[in-house]
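# Coordinate inspection notes
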Amino acid sequence: MPADLQRSCDYCGQSFHCQGFRTHEKACQRRSEQRGEDLELARVICQEREQAHQGSVFTGVRPSISGSTSPINNRSEGDDFDFDNQIDYQHDADVGRTDSDGDPPPSATTSPAPQHDIDDIKVEYHPSSGIPTKVYRFEDYGRGPGAPPAVPEADPIPWQPFRTRMDFEVAELAHDAGLSHEQLDRLIRLIHRSRIELFTLKNRKDVRDTWDAASFKMTPFTKEEVIVPFRGVDQTFPLFRRSLWDWVTDLLQDPQVGPNFVFDAQRLSKFNGEKFVRFIHEPWTAHAFWEYQSKIPSDAKPLAFILYADKAKLSSFGRAKGYPVVARCANLPIGIRNGEGLGGGRVVGQVKEDKQHLGKPAFVNFKNAVWHASFLKILDCLAPLSRLGSAIKCWDDVIRVFYPIVLILSADYEEQAVMALICGLMGKFPCPVCLVPRDELSNTLKVFPLRTCTETKALLARARECTTLDAREQILSSQSLRDVDSSFGVLEHTDVHRALSHDKLHFNDEGLFSDHKWPELQKWVERLGRQAAVQIDSFFQSIPRWRNLNHFDQLIVFAVHTVFDRDTDPEAYLLLRCIRSYVEFNMYASLEVHTEDTINNGREALSKLTGLMDKYIEDTAEMSEKSWNFPKKHLSAHLFDDIEAKGVSRNYSTKPNEKMHGPLKDAYQDRTNFKNFAEQILRYNHDSLIAEYIRNKLDHLDSQNLSISDDLEDQPDTALQETDNSDDIDVDSTEPTDAQHFSLGSKQAAMSFTLIEAGSLGNPVFERFRIKLNDFLNRAFAANSIPFPGGRRIQLVASDMIVEYRFLKVNFESLVDWRVSTDYLRCTPMFHGSLRYDCVILQTDTGIIFGKLMLIFTCTVGDVQYPVTLVLPYDRPVGIRPRKDKDFQFWRVKRKPRASAEFFSVHSIVRGYSEGHAVSQWPWTASCQLHAQTEHQESPLSALTTELFDIEEVKYEEQWSKKYTPRSVKQGIEDTRNSFFAPQTGLFQRFMSWGAVELRSDMGRPAGAKDAT
C-alpha cells in the first residue's frame, strides 16, 4: 500500500489507512484519556491508604463522619487485584519497576536498592521468556503498562455461511428453543409473510444444511472405531472425538480469546513490609508449569491442557449413559477457562461403555483397556508434538512454537483409578498418587513413596516377562497395577500420577463430609431422640437470609454444639470437634489465592483434623463397625502438594465440568430419538458452539459499529454542552453514596424527629434520639475539623427531617484474596415476610467492634447530607472463656443494653456478617447465639465468633448468678424454663399475645413494654 495513504497514530504508534483514521484516532485518544484518569485515581487511592496506615483521622469520638478509618483499604472495583482477567503486557518495560534481582551486579556507584511499599507485587518470569523480574505497585499490577492493545477489527459478515444475519438469528432462536421440525417450518413461513429484513431460509432442511456448512468455523467432531480384543475376539466401539490440537489452535487464532493467553511461567510474591511472600493462584504461577517450561527449548512455549472424564446419566433412571471427555486450556485465566464462553470447557470426546460383558471376571481389565484405547485416539494428535513441538500463527500474526502437556487430570476417585490403571479400592495400594497400604488410608500425616510413570512402565514390563499368570499377578499386585498399557505414555513429560489432582467436590464436600461425617453425626443425634433432631432443625429454620450462605457443613457445628455435652456425650462431642476441624481444613482447600503462610496453615489444619479423627476412631472402635480407611480420606494428604504444583483447587475442580452434564442430558431428552443418541447429542453440542461463536462475532461487530457511530456524532453541539454542564440536576433522585466504599438503597419517605419519637415510645433504642444525634454530630464535626454551619453548634429541631434507607451495599478488600468484595445488608422490619436487621463490623477509634443495625438514614446539616447509622454495639465484657469455646474456636461478643445504641457514620462500617440463632449453653443469660465468619490474618477460622444477645437486663443476670451456683446449674435451667413458659406471666405467653403493630415497634417488644426482670 502506498506510504502516502498511511498515517501513524500519535497515541498507539500504529499505522492505519487514511480512510477511517480519524475515527481510530478519536477512539484511541478517548482510551488514553480514560487510562490517565484511572492512573490518577489509583494514585489518590494509594495516598488514602498510606494515610490510613499512619493512624486514625479522628480523636475523642467513636465514629468518623468524614471517611472510613479502617486499616483495611477499601478500593473501588476497578482497582482491585483482578486475577481472573489479568493481562500483562510483558514486552513493555517502562512502567514495571525492574527488581534488582534481575539486574547485573551493582557497581560501587550504583544507587541504593529500591525501597518497596507494602503490597507491592514482584513478578519473576521464567528465564526462557527473556523478561526481567519486575515489581509493580498493587494498583498497577493486572492493568499492564503501556497503551492498551488495539481492538481487533470485527468481521463485517460474521454470520456466513448463513446468507444473511436474519437467517442466522432465526436459526439460532430455533436451536436455543429446541423447536421441532414442524414448529421450525411454521416459524419460517410466518417470517416470510411479515419480513422487513432480507430472509432467505426456505425450510428446516435449508436450516440444517446451513448449520452443517457452518460447522467448520470451529473444529468439528469426527467418528472413529476403537478395536480391543477380548478373549481372542476383536470388539469394536464407536468413538467421537474433536482434535485437541485443532481446538486449541482455534482459540489461539481467535482475536478475542487469544490476547488472554499466558505463555510464560511466573513466580509471584507480595511485599508484607519486611519481605516478599510467594503466592499462587493460576497454574502458570505454580511449580509444575515452571518445571515444564524448563524442559522444552527456550524459544518454545508450554501449552497446558486440563482433561476431565466421567460418566453422565442421560436418562431419568440412568439406563442411558454418556462418557464425555472435557478439555480446558490451562494457559487461560480461570475466569475464562471455567466460564461458558469460547475459551471455556469443551467436549472433545465421547467414549462408549461396553455392557455386553458386564459382570464377567475379566471385564474390569477389558473395560480399562477400552477406556485407554479410546483415550489414546484423543491424545494421538498431541503425541508427536509433545516431542517436536509445533508452530502456530496466533491472533497477533506472531508465529510461536508450542509444546503440549496434559498438566491436570480432573476426575472422581473411580475415574482416577482407571486413569492410573490401579486396582482401586480393593487393591493393596488404593491411592493413584502414592503407595499407601490399604490399612493405613486414614493416616494423612505419614508420607509414602510416590508413584511414577517410569517405575510403573518398568514394573509392567517385568511382569509381562513372566511365563506364568500367578507370577505376573504377584509382580503387578506389589503396586496394585493392571496389565493394560496407559494412553498417557505416548506424551513426553506427562506423568499421569502427577497430573491427577485433588477434587474438592467429590473428596471433601460429597466424600469426607456428606458420605461419612454427616451420617455418623446423624447416628449420635438419633440416640438422643426426636427432641434433639427438632432442636437442630429449628436452628436451621431460624437462620436469617444471607447472600451466598449455602454451605451446610459450615453451619452444622453452630446447630449441634448445644445438643451434645462434653461429659455425657464424649464421643459425639469429639465427632463434632472433628467436623469443626474439617470445616477449617475445607476452608483452606477452597481459598482462591494461596501464600506460603496459608499453605502451611492448611497443612496444620489437616494435621489437627487427623489427630482428632484418630482419637475418635480409637474411642469408638468397640461400639462402631465403620471403617475410616477409605481413599478419599487419604487423598487429602496430597491437596497442598497439588496446590504448590498446579495452583489453587478450583483449577482442577470437577464442579464446572459436572455442570456440563446438564446440557448433554437436556439434548438427550429433547433433541434425540433415543436411538444412536451419541451422534445426535454431539451434533447439537457442536451447533451450540457454532452459534456461540457467530453470536460472539456479531456482538463484537455491533459494538464496533456503535463506537464508530458515537465518534461520527462526536461534534460540537452548544445546546448539548449546555445541558450536560447544567447544575439543574434532580438531587433528590440521587442517593447518597461513596463509590469506593458503600451505597444506600431502598429509600423511604422523609420523617421528622417528632414522628420518629412518637412511633417509638417505650423502645429504649430510640430514647433521646434527636438529642443523641445532635451530640454525635457535634463531636464528629469537632473531631474531624469540619466547619460548623454558620459557626454555631449543630442543633437539630423536632421538625427537621431525616431519610431512612433499608438497604446498604458495602465494598471491602478481602484479606483472603485481596479483591474487592461486597456485602448486601438489610435493615428493615419486613424482608420477604420477616424482620431483618443485619450485623456489621465497625472501625472505631478504639478498634474493631461488632454491632447490629437498628436504623440507616441521612440527615442534612447545612447543605450537606451525611449518612448515619444507629447501631446496637456488641462490645460488652463477656467474662471467662468457656472450655467449649476453646474446643470449637468460638469467640464471644456480647451486646450492651438496648438503651446503649449509638450513632456511627456509615463510613465506619468495614463489612457485614451473617447471624444464626441457637439456644445458648449459658442459661443465666437467657440468651440466643449469633455467629459471624470474618477474615483473620493468621487463621481465618480464629475469627469465627459467637455473640451473646441478651434478652434480660444486667440486673437479672446478677440475680441469677447469686441464686444459683455451678452445682445447681441444672435446677437453674429448669427454673428459667418454667418462668419463661409460665401460663399467665411468662414472657412466651406475653409475646404470643402481641399484634403485628406491636411487633413492628421494636423487633419483638410492644410499645410501652418493660424489660423482663
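### A closer look at the packing of helix 14 (residues 504-528) against helix 18 (residues 596-619)
At a closest axis distance of 15 Å, the pairing of helix 14 and helix 18 adopts a crossing angle of 45 degrees. On the basis of their axis angle, the class for helix 14 and helix 18 is oblique. Regarding helix 14 and helix 18, the two cross each other, and that crossing is left-handed. Between helix 14, through Leu-512, Lys-517, Glu-520 and Trp-524, and helix 18, the contact on the second element is made entirely by Leu-609, Met-613 and Tyr-616. Residue classes in the contact of helix 14 with helix 18 are distributed as five nonpolar, no polar and two charged.

### Some thoughts on the environment of Gly-345
Looking at the secondary structure, you find Gly-345 in the loop between helix 7 (334-337) and strand 14 (346-351). Once the C-alpha coordinates of Gly-345 and Arg-328 are considered, the two residues, 17 residues apart in sequence, prove to be 4.8 Å apart. Those residues in contact with Gly-345, other than ones at most four positions away along the chain, are Val-326, Ala-327, Arg-328, Arg-337, Gly-339 and Met-660.

### Notes on the pairing of strand 6 (residues 222-230)
For strand 6 and strand 7 (residues 233-241), the ladder comprises nine bridges, and the chain directions are antiparallel. Within the sheet, the bridge partner assigned to Val-226 lies in strand 7 and is Phe-237. Taking the residues between adjacent antiparallel strands as the criterion, strand 6 and strand 7 are bridged by two residues, where Arg-231 takes a positive phi near 55 degrees.

### Overview of the packing of aromatic side chains
On inspection of all chains with the given rule, the structure shows 32 aromatic pairs. Here Phe-271 and Phe-276 contribute two aromatic rings whose centre-to-centre distance is 5.0 Å and whose plane-to-plane angle is 50 degrees, an arrangement assigned as tilted. No difference in accessibility class separates Phe-271 from Phe-276, as the two residues are buried. With centroids separated by 6.2 Å and ring planes inclined at 35 degrees, the aromatic side chains of Phe-776 and Phe-903 adopt a geometry described as tilted. Taken as a pair, Phe-776 in helix 26 (residues 769-783) and Phe-903 in strand 27 (residues 902-905) lie far apart in primary sequence, 127 residues in all. Exposure remark for Phe-776: the relative accessible area of 2% places this residue in the buried category. Taking the relative accessible area as the measure of exposure, Phe-903 reaches 5% and is therefore buried. Chaining the aromatic ring pairs together yields one cluster made of Phe-753, Phe-766, Phe-769, Phe-776, Phe-857 and Phe-903. We note Arg-527 situated over the ring of Trp-524; from NZ or CZ to the ring centre the distance is 4.4 Å.

### Looking at the sheet that holds strand 13 (residues 324-329)
One open sheet holds the seven strands; their spatial order is 6-7-14-13-10-16-15, and the pairing between them is mixed. Two strands bound the open sheet, and with one partner strand each, they are strand 6 and strand 15 (390-393). Between one strand axis and the next, the sheet turns by 35 degrees as a mean value, whatever way the strands run. Here five bridges tie strand 10 (residues 300-309) to strand 13, and the two strands are oriented antiparallel to one another. Bridge assignment links Ile-306 to a residue of strand 13, and that residue is Arg-328. Across the sheet, helix 8 (residues 363-379) lies against strand 6, strand 7, strand 10, strand 13, strand 14 and strand 16 (399-410), angled at about 150 degrees from strand 6, the strand it touches most.

### What about the environment of Asn-331?
Here Asn-331 shows up in the loop between strand 13 and helix 7. By relative accessible area, which is 0% here, Asn-331 ends up buried. Put simply, Asn-331 and Phe-305 are 26 residues apart on the chain and 8.1 Å apart in space, counted from C-alpha to C-alpha. Among residues more than four places away in sequence, those in contact with Asn-331 are Asn-260, Phe-261, Val-262, Phe-263, Trp-284, Phe-289, Pro-302, Leu-303 and Ala-304. Reaching out from Asn-331, the side chain makes a polar contact with the backbone nitrogen of Ala-304 at a distance of 2.9 Å.

### Quick look at the side chain of Ser-581
Counting through the fold element by element, Ser-581 comes out in helix 17 (residues 570-590). One polar contact links the side chain of Ser-581 to the main-chain amide nitrogen of Leu-609, over a distance of 3.3 Å. For Ser-581, the contacting residues outside a window of four places in its chain are Ala-605, Lys-608, Leu-609 and Leu-612.

### Concerning the confidence of the model for the protein chain
Here the protein chain averages 79 in pLDDT, and 74% of its residues register 70 or above. Counting interchain partners and residues more than four positions distant, the pLDDT-below-50 stretch residues 143-148 has 21 contacts.

### Let's talk about helix 3 (residues 181-193)
Taking 1.5 Å of rise per residue, the 13 residues of helix 3 would be expected to cover 18 Å, and the 19 Å separating its terminal C-alpha atoms lies within 8% of that figure. In this fold, the buried residues of helix 3 make contact with helix 2 (165-177) and helix 4 (204-214).

### Quick word on the nonpolar core
With 92 residues, the main nonpolar core has Leu-244, Trp-245, Phe-261, Phe-375, Leu-379, Leu-409 and Met-419 as its most contacted residues. Grouped together as the second largest cluster of nonpolar side chains are 62 residues, Val-557, Tyr-588, Ala-605 and Leu-639 included.

### Brief notes about the packing of helix 8 against helix 10 (residues 413-420)
Orientation of helix 8 relative to helix 10, taken along the N-to-C sense of each, is 80 degrees, at an axis distance of 9 Å. One finds that helix 8 runs roughly perpendicular with respect to helix 10. Facing Lys-367, Asn-368, Trp-371 and His-372 of helix 8, the residues of helix 10 in contact are Glu-414, Val-418 and Met-419.

### Here we look at unusual backbone geometry
Phi is mostly negative for residues that are not glycine, and the peptide bonds are mostly trans. A cis amide bond links Gln-160 with the next residue in sequence, Pro-161, at an omega value of 10 degrees. Tracing the backbone through its elements, the reader meets Pro-161 in the loop between strand 5 (134-136) and helix 2. The backbone of Asp-119 shows a phi angle near 80 degrees, a positive value even though the residue is not glycine. With respect to the element layout, Asp-119 can be found in the loop between strand 3 (97-98) and strand 4 (121-125). Here Asp-119 falls in the buried class, since its relative accessible area comes to 11%.

### Overview of the pattern of salt bridges
Under the definition given, this model contains 45 salt bridges. Notably, a salt bridge pairs Asp-483 with Arg-472, separated by 3.2 Å at the nearest N-O pair. Taken together, the positions of Asp-483 in the loop between helix 12 (469-477) and helix 13 (496-499) and Arg-472 in helix 12 put the pair eleven residues apart, joining distant regions of the chain. When its relative accessible area of 25% is taken as the criterion, Asp-483 is described as partly exposed. A salt bridge links Asp-641 to Arg-603, with the nearest nitrogen and oxygen atoms 3.1 Å apart. With Asp-641 in helix 20 (residues 639-646) and Arg-603 in helix 18, this pair connects stretches of sequence that are 38 residues apart. Note on Asp-641: relative accessible area 38%, which makes it partly exposed.

Conventions and cut-offs
Residues numbered from 1 in each chain as written. Predicted model: local features only at pLDDT ≥ 70, side-chain atom pairs only at ≥ 80, totals over all residues. Heavy atoms only, no water. Axes fitted to C-alpha atoms, helices over the stretch in contact; angles between N-to-C directions. Helix = DSSP H or I, 4+ residues; strand = E, 2+ residues; numbered from the N terminus. Parallel < 35°, antiparallel > 145°, perpendicular 65-115°, else oblique. Left-handed = near helix turned anticlockwise from the far one by under 90°. Contact = heavy atoms within 4.5 Å. Nonpolar A, V, L, I, M, F, W, Y, C, P; charged D, E, K, R; others polar. Pairing = 2+ DSSP bridges. Phe/Tyr/Trp six-rings, centres within 6.5 Å; stacked < 30°, edge-to-face > 60°. Buried < 20%, exposed > 50% of the residue type's maximum accessible area, 1.4 Å probe, protein only. Lys NZ or Arg CZ within 6 Å of the ring centre and 35° of its normal. Polar contact = N/O pair within 3.5 Å; in protein donor to acceptor, adjacent residues only side chain to side chain. pLDDT = per-residue confidence, 0-100. Expected span 1.5 Å × (residues − 1). Core = buried A, V, L, I, M, F, W, Y, C linked by side-chain atoms within 4.5 Å. Salt bridge = Lys/Arg side-chain N within 4 Å of Asp/Glu carboxyl O.

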